[in-house]
Every structure is written in structure tokens, then in C-alpha cells.
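Overview (structure and organization)
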Amino acid sequence: MQHTLELKVLDARFGEVWPLPAYATEASAGLDLRAALEAPLCLAPGDAALVPSGLAIHIGDPGLCAVILPRSGLGHKHGIVLGNGTGLIDADYQGPLMISVWNRGAGPFTIEPGDRIAQLVVLPIVRARLQVVEEFEASARGTGGFGHTGVR
Ligand SMILES: O=c1ccn([C@H]2C[C@H](O)[C@@H](COP(=O)(O)OP(=O)(O)OP(=O)(O)O)O2)c(=O)[nH]1
Ligand SMILES: [Mg+2]
């Protein structure tokens, strides 16, 4: 599925020093986001920082949202993940895209200006209409959860 996403460039280094976000391959789901920092940022173990992406998007369509996810290599090898778990970008948000970067690793990690530190994924959304009921119709699982089906 293709969608045209309105993008505002908030940092003039895009187009000059850094290319605009682009899908790395034909079937990539994520657009890498860069750290639009003025200077290197050293994150001590356990530290989190809010890093500007230098971009704003307006999704517009309430049937879509975007999420900011960690990059696998950074997260697995260096412990650089997101301070908010996953960033959710609402379809009506027009402000700067911010990246909450968290060093969950054991050593310090330095982010250089322009480093690709996270990725943006656009997703379809179902907006629920809530219907209050007294009882649910019986299901195979019922109320069983949290390991109820076993491990092996
Ligand atoms: O990693 C993120 C997460 C959110 N946002 C922006 C877009 C999103 O639409 C808005 C609000 O996010 P969310 O609803 O998750 O945060 P909140 O703490 O509930 O704030 P609000 O009261 O503004 O909804 O902040 C980002 O730029 N980066
Ligand atoms: Mg909110």
C-alpha cells in the first residue's frame, strides 16, 4: 500500500548534508530517522534524551498512524532503544517528530549529528467504537492469559 505523506523539513541540513528519509530497499517498511543534533550527544548507561529528527509529518488520514521503532542493530548491539518503548505519531500531529533515545546498555554511547538512530513505520489503524456489555460470548480462550497455554 502506498500513501503520500506530507513532510516539513525543519533542519536545513536535510538536502544539503543529509538525504531525506528513503526506504532502503523496495520492500523496506521503515524510513530511518536521523539525529538532527548540533553536537555529538554522549548517553551514559541508563540515560535517555529527546532528540529532534529535524522533520515534521502530517499524516492527515485518521485510518493511519506512524510509529517510531528502534533500529535492530543499535538496539541489539549497543542497547540504544527508545525511552518511550514505541513512539506513536497521531494522524493529526503536526509538530516536530521527536525521538526519545534511551541507552539501556552497559556502556556509554555517542550519537553523532546525522546518525540514523530510529525508524518510522506508517501503519493502518482501526479506531474502535466502544460498546459496553455485561457478558462476553464464550470464546476458546476465555480469561486465560499470561502463559496459560504453556511453553512446550
Ligand atoms: O516518540 C514520539 C512519540 C510521540 N510524538 C508526538 C507525536 C504524537 O502524536 C504526540 C503525542 O504522543 P502521545 O499521545 O504518545 O503522548 P502523550 O504523552 O499522550 O501526549 P499528548 O497528551 O500530547 O497526547 O507526540 C513524537 O514526536 N515522538
Ligand atoms: Mg496522547
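A short tour of the structure in this document, coming up. The model shown is predicted, which means the values in this text are computed figures rather than measured ones. (Residues numbered from 1 in each chain as written. Chains lettered and ligands numbered in written order. Predicted model: local features only at pLDDT ≥ 70, side-chain atom pairs only at ≥ 80, totals over all residues. Heavy atoms only, no water.)

With that out of the way, let us pick up the pairing of strand S10 (residues 116-124). The pairing of strand S2 (residues 31-34) with S10 spans four bridges and is antiparallel. Across the sheet, the residue bridging to leucine 33 is alanine 118, located in S10. As paired strands, strand S5 (residues 64-70) and S10 are joined by seven bridges and run antiparallel to one another. Within the sheet, the bridge partner assigned to alanine 66 lies in S10 and is valine 122. (Pairing = 2+ DSSP bridges. Helix = DSSP H or I, 4+ residues; strand = E, 2+ residues; numbered from the N terminus.)

Another aspect to go through is the site of ligand 1. What surrounds ligand 1 is the set Ile68, Asn84, Gly87, Leu88, Ile89, Asp90, Tyr93, Pro96, Leu97 and Met98. Aspartate 90 is positioned such that a nitrogen or oxygen atom in its side chain is 2.6 Å from an oxygen atom of ligand 1. In the complex, 49% of the free accessible area of ligand 1, which totals 570 Å², lies under the protein chains. Where the shell around ligand 1 is concerned, the elements lending two or more residues are strand S7 (87-89) and strand S8 (96-103). Residue composition of the shell around ligand 1, by class: seven nonpolar, two polar and one charged. (Near = heavy atom within 4 Å. Polar contact = N/O pair within 3.5 Å; in protein donor to acceptor, adjacent residues only side chain to side chain. Areas by Shrake-Rupley, 256 points an atom, 1.4 Å probe, with all protein chains shown as cover. Nonpolar A, V, L, I, M, F, W, Y, C, P; charged D, E, K, R; others polar.)

Below, the discussion takes up the sheet that holds strand S1 (residues 6-9). Overall, antiparallel pairing links the four strands, which are arranged S1-S4-S8-S6 in an open sheet. Single-partner strands in this sheet number two, and they are S1 and strand S6 (80-82). On average, each strand axis in the sheet is tilted by 45° relative to the strand beside it, whichever way the strands run. Note that S6 and S8 share three bridges and pair antiparallel. Looking at the pairing, leucine 82 lines up with valine 101 of S8. (Axes fitted to C-alpha atoms, helices over the stretch in contact; angles between N-to-C directions.)

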